[in-house]
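# Understanding the architecture of this molecule
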Amino acid sequence: MPIRVKKLRRASVLKQIFTSPLYILITIAALVAYYELFTFLIVSSNEGIFFVTVPIYLIYALIFSASLLMSTSIYAVSQSIKAKYAGAEGGVLSVFTSSIGGLVVGCSCYAPIFSSLLYAVGFGTLQVSSAISFLGVYQTWFVAVFIAANLIFIYHQLGRITRIGGAHRRR
Amino acid sequence: MKKNDWTHGATNKLLIVAIVVGLVAIAVSSYAILNPSTNTIIVYRNSTTTVFVVKGYNITSGLLEPPTSLSDAPVITQNQSFGNRLTGINAPFNASELNIINNASNSYFEKAGEMFLNGTINNTVGASTKALPLFIVNGKPTVIYLGSITCIFCGENRWPMAMALSRFGSFSYLFKGYSSIGDGDMPTIYWAPAHYNISSTVLGDFYSSNYINLIAIEDANPISGGFNLNPLSTMQQRINQTNNVAYIDAMNYIISTNGFSGTPFTVWGAYEVGGADAVIFANNTSKQGTAPLQHMTHADVLNQLANPTDQFALSEYAAADLYIAMVCKTLNNTPSVCTAIPSIVKIEAKLGL
């Protein structure tokens, strides 16, 4: 008689992760780290002032979603070597969205870090100015896309964890 | 098992590629951050000669004088609340307000300069400069300003810019302005009335001097929004339509520097300054900035500048001192103001000019 295994759902995995004191601590640590990173990038770009030009609740949502993604990624890595790649990708994405988010949420009128990156890869003045203009107009959309990317990847990772967890239980 | 091995192997390779790309990206980013863009690039014309890609200019041209009012951007007289305030936008400074800018005492600049030198200015004041070949119009070096009415840092920094320029000449008109409502809504100065409802480029000013020119290029977009900067290519097209040689060449000069990182972008004689040379939004007791300037009227700012005893006003004068130092150094300290404010020469040394 085959052993019937209860299918693991994404919600169950999420509950498993965020009812664990360890992963709650990891989330809080990631939250603090990303907030500090955000503050550093904004202050560096805005000549010493913490000044943001997107709604602050979006920034909090971005930091929170990135923290959740980091915790989920670490959980994925800890579960199985086959989920390690999903974990690594998710961890990298959460750092990416937080870093780039920190660059775009300040006043994009003066963007020394962003423009230096563009000049370094060969952009000229006209292209850099166009990029700064684009950033200024669409910065809120950038943040929204990053939040969505974090949430989608959390959903994707949870799916991979449930599939791999199911395969383990059927052995 | 073999299929799993194949999948595992392919994933391994992808992961390695991703890691390598990430490391390269980190390396490039680190290099870019540690080595900000340079405004001059040396190229070799032949095996023994070097030339600068950024060339200097020496031209003869009239300068643009804008209108003193705009029918499609009238003065707003209604008293509005802070945060959504455009009260007095495009209104010209009256005689006493102009006098505060044009005829400020050198002693104020000197006091602030000494405070800057001994580190007792609490707001962020400082500039990173890069040397440029001169942009000479009608025999005089030029101060070039490129900014945006929607930009908070331009809004804050026009105050010390105007005060610095007042040491070498005078303004027959200045106008009340604001940074955009979504970008701080700061009370500021406009060099000329701005089309605050539409996308446009405001050119020209009412500055005259025996020593220097002022070429002011102000990008404008609806001020009720946030920061919104037209690409330089758009500004260049609009400038080209004026057929004014000085402004056309100034734009080409700016583009050739490869130093534009946003607004404000200024050239003070022989020195490029990317960004504002100060962040002065309040009477700060520490270097951490906040923005109470959003809750000041133009009268509040001018009253403080007329009698500078607080950190806000003294910081504005200190920021002006930096720009004065750049112009003085360009002119080999020949204008009388360069010696009338003794701290200017020391500031030149501190900035490494």
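Residues numbered from 1 in each chain as written. Chains lettered and ligands numbered in written order. Predicted model: local features only at pLDDT ≥ 70, side-chain atom pairs only at ≥ 80, totals over all residues. Heavy atoms only, no water.

### Quick word on the overall build of chain B
- Scanning chain B from terminus to terminus reveals 10 helices and 16 strands.
- Looking at chain B residue by residue over its 353 residues, the buried ones come to 54%.
- Relative to all contacts within chain B whose residues are 6 or more apart in sequence, the contacts with residues 24 or more apart total 75%.
- Of the accessible surface of chain B, which amounts to about 14,300 Å², a share of 56% is contributed by carbon and sulfur atoms. (Helix = DSSP H or I, 4+ residues; strand = E, 2+ residues; numbered from the N terminus. Buried < 20%, exposed > 50% of the residue type's maximum accessible area, 1.4 Å probe, protein only. Contact = heavy atoms within 4.5 Å. Areas by Shrake-Rupley, 256 points an atom, 1.4 Å probe, with all protein chains shown as cover.)

### Structural notes on the overall build of chain A
- Looking only at helices and strands, chain A has 6 helices and 0 strands in total.
- Helices and strands in chain A line up, N terminus first, as α-α-α-α-α-α.
- For chain A, buried positions account for 50% of its 171 residues.
- Counting only contacts in chain A whose residues sit at least 6 apart along the sequence, the fraction spanning at least 24 positions is 79%.
- With an accessible surface of roughly 8,500 Å², chain A has 71% of that area assigned to carbon and sulfur atoms.

### Notes on the state of the cysteines
Residue and element names in this part refer to chain B.
- Within this structure, the stated rule accounts for 1 disulfide over all chains.
- Across a sulfur-sulfur distance of 2.0 Å, C328 and C338 are joined as a disulfide pair. Looking down the S-S bond of the C328 and C338 bridge, the torsion is -95 degrees, so its handedness is left-handed. With C328 in helix α8 (residues 311-330) and C338 in helix α9 (residues 337-340), the pair connects residues that are 10 residues apart, well separated along the chain. (Disulfide = S-S within 2.5 Å.)

### A word on the nonpolar core
- Among the nonpolar cores identified, the biggest contains 106 residues, and B:I101, B:W191, B:I217, B:W268 and B:M326 are the most heavily contacted of them.
- Per-element tally for this core: the top contributor is α8(B), with 14 residues.
- Not counting residues up to four positions away in its chain, the partners in contact with B:M326 are B:A127, B:T129, B:W268, B:Y271, B:V273, B:L351 and B:L353.
- Core analysis: the next-biggest nonpolar cluster, separate from the first, contains 17 residues, A:A30, A:V54, A:V104 and A:F146 among them. (Core = buried A, V, L, I, M, F, W, Y, C linked by side-chain atoms within 4.5 Å.)

### Quick look at the side chain of B:S209
Residues and elements named next belong to chain B.
- Its location among the elements puts S209 in strand β12 (residues 207-209).
- There is a polar contact of 2.6 Å between the side chain of S209 and the backbone oxygen of F168.
- Of the polar contacts made by the side chain of S209, one reaches the backbone nitrogen of Y211; its length is 2.9 Å. (Polar contact = N/O pair within 3.5 Å; in protein donor to acceptor, adjacent residues only side chain to side chain.)

### Quick notes on the pattern of salt bridges
All names here are of chain B.
- The full count for this structure, using the stated rule, is 3 salt bridges over all chains.
- For K346, the salt bridge goes to E114, with nearest N and O atoms at 3.2 Å. One end of the pair, K346, is in helix α10 (residues 343-351); the other, E114, is in helix α3 (residues 106-117), and 232 residues separate them in sequence.
- Classification of K346 by relative accessible area gives partly exposed; the value is 44%.
- Between R158 and E218 there is a salt bridge, and its shortest N-O distance comes to 3.0 Å. Linking R158 in helix α4 (residues 152-165) with E218 in strand β13 (residues 213-220), this pair joins segments that are 60 residues apart in sequence. (Salt bridge = Lys/Arg side-chain N within 4 Å of Asp/Glu carboxyl O.)

### Quick word on the environment of B:A278
Residue and element names in this part refer to chain B.
- Inspection of the secondary structure puts A278 in strand β16 (residues 278-279).
- For the pair A278 and V137, spaced 141 residues apart in the sequence, the C-alpha separation amounts to 28 Å.
- Setting aside chain neighbours within four positions, we find A278 in contact with T124, V125, G126, E156, N157 and A319.

### Here's the deal with a nonpolar patch on the surface
Residues and elements named next belong to chain A.
- Taken together, I24, I28, L31, V32 and F64 make up a surface patch of nonpolar side chains, about 410 Å² in accessible area.
- Here the element with the most residues in the nonpolar patch is helix α2 (residues 21-45); it accounts for 4 residues.
- Note that I24 resides in helix α2. (Patch = residues over 30% accessible without salt bridge, like charges linked within 9 Å, V, L, I, M, F, W, Y side chains within 5 Å.)

### Some thoughts on the environment of B:D185
Residue and element names in this part refer to chain B.
- With respect to the helices, strands and loops of the structure, D185 is situated in the loop between β9 (175-178) and β10 (187-190).
- Residues D185 and M161, 24 residues apart in the sequence, show an inter-C-alpha distance of 19 Å.
- Apart from the residues within four sequence positions on either side, D185 is in contact with F82, G83, N84, R85, L86, Y178, S179, S180 and Q294.
- Polar contacts involving the side chain of D185 include one to the main-chain amide nitrogen of N84, which spans 3.3 Å.

### Things to note about unusual backbone geometry
Residues and elements named next belong to chain B.
- The omega torsion across T263 and P264 is -5 degrees, close enough to zero to call that bond cis.
- Structurally, the position occupied by P264 is in the loop between α6 (245-256) and β14 (265-268).
- The phi torsion at N138 lies on the positive side, around 55 degrees, for a residue other than glycine.
- Within the element layout of this structure, N138 appears in the loop between β6 (135-137) and β7 (140-148).
- N138 gets classed as partly exposed once you look at its relative accessible area, which sits at 38%.

### Focus: the packing of aromatic side chains
- For the structure on display, the rule yields 20 aromatic pairs over all chains.
- Where B:Y57 meets B:F135, the ring centres are 5.1 Å apart and the plane angle is 45 degrees; that geometry is what we call tilted. You can see B:Y57 sitting in strand β3 (residues 57-59) and its partner B:F135 sitting in strand β6, a full 78 residues away along the chain.
- Taking the relative accessible area as the measure of exposure, B:F135 reaches 1% and is therefore buried.
- Plain terms: the ring middles of B:F153 and B:F281 are 6.1 Å apart, the flat faces sit at 45 degrees to each other, and that makes the pair tilted. Here B:F153 is found in helix α4, whereas its partner B:F281 is found in the loop between β16 and α7 (298-306), with 128 residues between them in sequence. In this structure, B:F153 and B:F281 share a single accessibility class: buried.
- An aromatic cluster is defined as three or more aromatic residues linked by ring pairs; in this entry it consists of A:F134, A:Y138, A:F142 and A:F146. (Phe/Tyr/Trp six-rings, centres within 6.5 Å; stacked < 30°, edge-to-face > 60°.)

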